[in-house]
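Spelled out, the chains give:
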Amino acid sequence: MRASVLVTRASFPDIVDRLRTHFDVSDNPSDTLWTQDELIERLQGKDGAMTAGSDRIDARLLDACPQLKAVCNIGVGYNNVDVAACTERGVLLTNTPDVLTDTTADFGFALMMAAARRITESERYVRDGKWITTGRFDMLLGADIHGATLGILGMGRIGQSIAKRGAHGFGMKVIYHNRTPLAPEVEAQCGARYVEKSALMRESDHLIVVVPYSASSHHAIGAAELRQMKSSATLTNIARGGVVDDAALAAVLKEGGIAAAGLDVFEGEPRIHPELLACSNVVLTPHIGSASVATRRAMARLTVDNLVAALGAGPDAGRPPTPVNPEVLRTPA
Ligand code: 8YV
């Protein structure tokens, strides 16, 4: 009997169609956002699932779907999945690392530059017809990127890729804070220096947050940290909503505690804190860090590769390329 899989969100039909050569596939071409109960209902009798960050995979769901063997999540981050609960039940989890590193680093840079150079604010100014009447030499002044101090919180693959852009492309002084400092040779490649978190907050002209979300990174940037930053500084979050305390950030932006912010991720997204929406010095984007054509296609391909192999089909049967909990593969069923 063919295995059955569920594809929870719409992506690239030509890539997802490869699943149909191996499995019975149910999908969601209208891209409806299902509640967890609707997801549980659709997962009944499914052996595998291609999921996204908007799907919550927890113990309750796993217990209600005992046939499920593989959850292949499209994205490098998997804070939507309870990994321990998967492992305990022998459910394999896969993610999509590496293929999105440079695209996401490019985007972090773009968002930081847009906030520092007030690009979206300037665009609104032009569209509102204001340049014609009030344009002047000292309007819309921003902060330089070149030569400034770039701070990076979280120095994994994406953080390192951002550091290289800053140090080698823009002549920035790069400092970072991470749970574990990098090996000296990796630091040298990145042109980056480890500092304590308080020094990172005080010294950064532009701070980019790239740390994965977990209980320990919840509100890693809160009111106390924001108060340590320079009033001329910018803050860019491309990690996850919840790493930054959005309410505290909105308050600090409003009172001029920092100059600007670039936010691609939000606490409770797709909802956005109303005070952030009211701030003109914030650039807001809808979680598109990895959204280039080539990269989103590569993520979809890797997720399909993982699902095919995880369910014992294709040339890599039993050896999915990017497992998060590979110990499940070693445990005999
Ligand atoms: C994804 C992301 O697009 O990879 C991640 O962790 O945040 C994005 O690249 C998103 O998770 C889609 O599910």
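Residues numbered from 1 in each chain as written. Predicted model: local features only at pLDDT ≥ 70, side-chain atom pairs only at ≥ 80, totals over all residues. Heavy atoms only, no water.

1. A few points about the site of the ligand
Surveying the vicinity of the ligand reveals the residues Ala52, Gly53, Ile74, Gly75, Val76, Gly77, Leu100, Arg240, His287, Ser290, Arg296 and Met299. A distance of 2.7 Å separates an oxygen atom of the ligand from a polar atom in the backbone of Val76. Gly77 is positioned with one of its backbone polar atoms (N or O) 2.8 Å from an oxygen atom of the ligand. In isolation the ligand has 320 Å² of accessible area, and contact with the protein removes 84% of it. (Near = heavy atom within 4 Å. Polar contact = N/O pair within 3.5 Å; in protein donor to acceptor, adjacent residues only side chain to side chain. Areas by Shrake-Rupley, 256 points an atom, 1.4 Å probe, with all protein chains shown as cover.)

2. Considerations on the domain arrangement of the protein chain
Each assigned domain of the protein chain is listed here: domain 1 (4–98 + 293–330) and domain 2 (101–284). Computed from C-alpha atoms alone, the centre-to-centre distance between domain 1 and domain 2 is 32 Å. Contact residues are listed per partner, giving six residues for domain 1 and five residues for domain 2. When the buried area of domain 1 at its contact with domain 2 is split by residue, Asn79, Asp98 and Thr295 rank highest and sum to 71% of it. For the pair domain 1 and domain 2, the number of links is one salt bridge. Where domain 1 touches domain 2, the interface holds four residue pairs in polar contact (both at pLDDT 80 or more). Taken together, the residues of the side of domain 1 that touches domain 2 break down into two nonpolar, three polar and one charged. (Domains from an automatic or database assignment. Contact = heavy atoms within 4.5 Å. Buried area = accessible area lost by both parts, 1.4 Å probe. Salt bridge = Lys/Arg side-chain N within 4 Å of Asp/Glu carboxyl O. Nonpolar A, V, L, I, M, F, W, Y, C, P; charged D, E, K, R; others polar.)

3. Things to note about the packing of helix H5 (residues 101–116) against helix H8 (residues 157–169)
Axis angle and axis distance: for two packed helices, these are the angle between their axes and the distance between the axes, and together they describe the pair. At a minimum axis distance of 8 Å, the contact between H5 and H8 shows a crossing angle of 55°. The angle between H5 and H8 falls in the class oblique. Read as a crossing pair, H5 and H8 show a hand that is right-handed. In contact with Thr101, Asp102, Thr104, Ala105, Asp106 and Phe109 of H5, H8 contributes Arg157, Ile158, Ser161, Ile162, Arg165 and Gly166. Of the residues in the contact of H5 with H8, the class split is four nonpolar, four polar and four charged. (Axes fitted to C-alpha atoms, helices over the stretch in contact; angles between N-to-C directions. Helix = DSSP H or I, 4+ residues; strand = E, 2+ residues; numbered from the N terminus. Parallel < 35°, antiparallel > 145°, perpendicular 65-115°, else oblique. Left-handed = near helix turned anticlockwise from the far one by under 90°.)

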